[in-house]
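# A structural walkthrough
Listed below, chain by chain, are the residues.
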Amino acid sequence: MLFDLRPKERREEIFDREKEFDELEKSVEKYPLTLILGIRRVGKSSILRAYLNENPGILIDCRELYAESGHITKEDLIKEIQSKQGSLQRLLAKFRIKLNMRFLEVEPKEASLREVFRELDRLGEETGRFIIAFDEAQYLRFYGSRGGKELLALFAHAYDSLPNLRIILTGSEVGLLHDFLGIDDYESPLYGRVGGEIHIGPFDKETSKAFLKAGFEEAGAKISEEEIEKAVSTLDGIPGWLVLFGVKYMETKDFDRAIKATFDVARGLLVGELRELERKSRRYVQILRAIALGYNRWSLIRDYLTLKGMKTPEPRLYELLKNLKKMGWVEGENGEYKLTDPVVGIVLRRS
């Protein structure tokens, strides 16, 4: 079902992403390390889950691991990999493989993450290759006591020495993920190790309209061309919001009520994300609000913060804007800034 709020699990459930699937397959074939990049709610997780449904592998949700304690330990990761025991056992049975996956029976604190990766590589030797995927991998920078450097060293070991293991990382905070990996930083364990990058963008206008039409047709519901146009112009091409609108329209059978319900749910979803952002700096959300209200140049943002009692030195404002770009909240061009997700702007203007 196109209008299903849960992440998709099969390729046929995903609309118009065959190009991205092809790029992902070519990258996994060519590189030990692949990045799937894109802003929030654009469909990265669905593409990854559907791909893993067709290929031997396991998925680790890094944001969920981080949310439990505010950091990630070796034991957390091993315990999460061990929780995939059912799917690993089914894989062994499917390929009629007799391997002793020792790490499945070991206490996490006694296990070696490097040995876990080696065992997964041996499994990949039997199945053709094995994928370990990390969703929202920028949270791995909270692994261990050295900003994730130990884990990057393990990734480098896998890159160089485990030919049957493939690592896939997704990230909505693209700049932070690049900084964490440090492929161009000679001090990073991954320095110089080239990987593939798959960029998942929002739908363009015509694809967005086609998506909504296909969703309503699949659901056996009628909606006017004008209402589809209005929905796309309001929500842009971010699949997550288009799906939410479709669900709410099916519930209400009324455009205005569906749009209102969409923004009500969006506000609830964004509150947590904005609160997390505000914990890093109160100025972040005020900068986003400034841009949403049309204060979209550096000097205008500076003046807006001053009016809000948050006078900010120029170097600090530059750093804040750079960080917001890295985290995927804003983008800048020709001296102007805009929000990557227009729904965030609407929510902020109404709050």
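Refer to the preceding data block for the structure.
Here the structure is a predicted model, which is why all the values come from computation and not from measurement.

### Quick notes on the pattern of salt bridges
Evaluation of the coordinates by the stated rule reveals 33 salt bridges. For Asp-179, the salt bridge is made with Lys-326, and the minimal N-O distance between the two is 2.5 Å. In this pair, Asp-179 is assigned in helix α8 (residues 174-181) and Lys-326 in helix α15 (residues 314-326), connecting sequence segments 147 residues apart. The class for Asp-179 is partly exposed, based on a relative accessible area of 46%. In this structure, Lys-338 and Glu-331 form a salt bridge, with 3.4 Å as the shortest nitrogen-oxygen distance. According to the relative accessible area criterion, Glu-331 is partly exposed, its value standing at 36%. The network of salt bridges with shared partners includes Arg-102, Glu-115, Arg-118, Glu-119 and Arg-122.

### Brief notes about the packing of helix α13 (residues 282-292) against α15
Angle between the axes and distance between the axes: these two values describe a pair of packed helices. Their axes nearest at 10 Å, the elements α13 and α15 cross at an angle of 75°. Taken together, the axes of α13 and α15 are roughly perpendicular relative to one another. Contact residues: α13 offers Arg-283, Tyr-284, Ile-287 and Leu-288, while α15 offers Leu-317, Leu-320, Leu-321, Asn-323 and Leu-324. Of the residues in the contact of α13 with α15, the class split is 7 nonpolar, 1 polar and 1 charged.

Procedures and definitions
Residues numbered from 1 in each chain as written. Predicted model: local features only at pLDDT ≥ 70, side-chain atom pairs only at ≥ 80, totals over all residues. Heavy atoms only, no water. Salt bridge = Lys/Arg side-chain N within 4 Å of Asp/Glu carboxyl O. Helix = DSSP H or I, 4+ residues; strand = E, 2+ residues; numbered from the N terminus. Buried < 20%, exposed > 50% of the residue type's maximum accessible area, 1.4 Å probe, protein only. Axes fitted to C-alpha atoms, helices over the stretch in contact; angles between N-to-C directions. Parallel < 35°, antiparallel > 145°, perpendicular 65-115°, else oblique. Contact = heavy atoms within 4.5 Å. Nonpolar A, V, L, I, M, F, W, Y, C, P; charged D, E, K, R; others polar.

Structural measurements only, silent on function.
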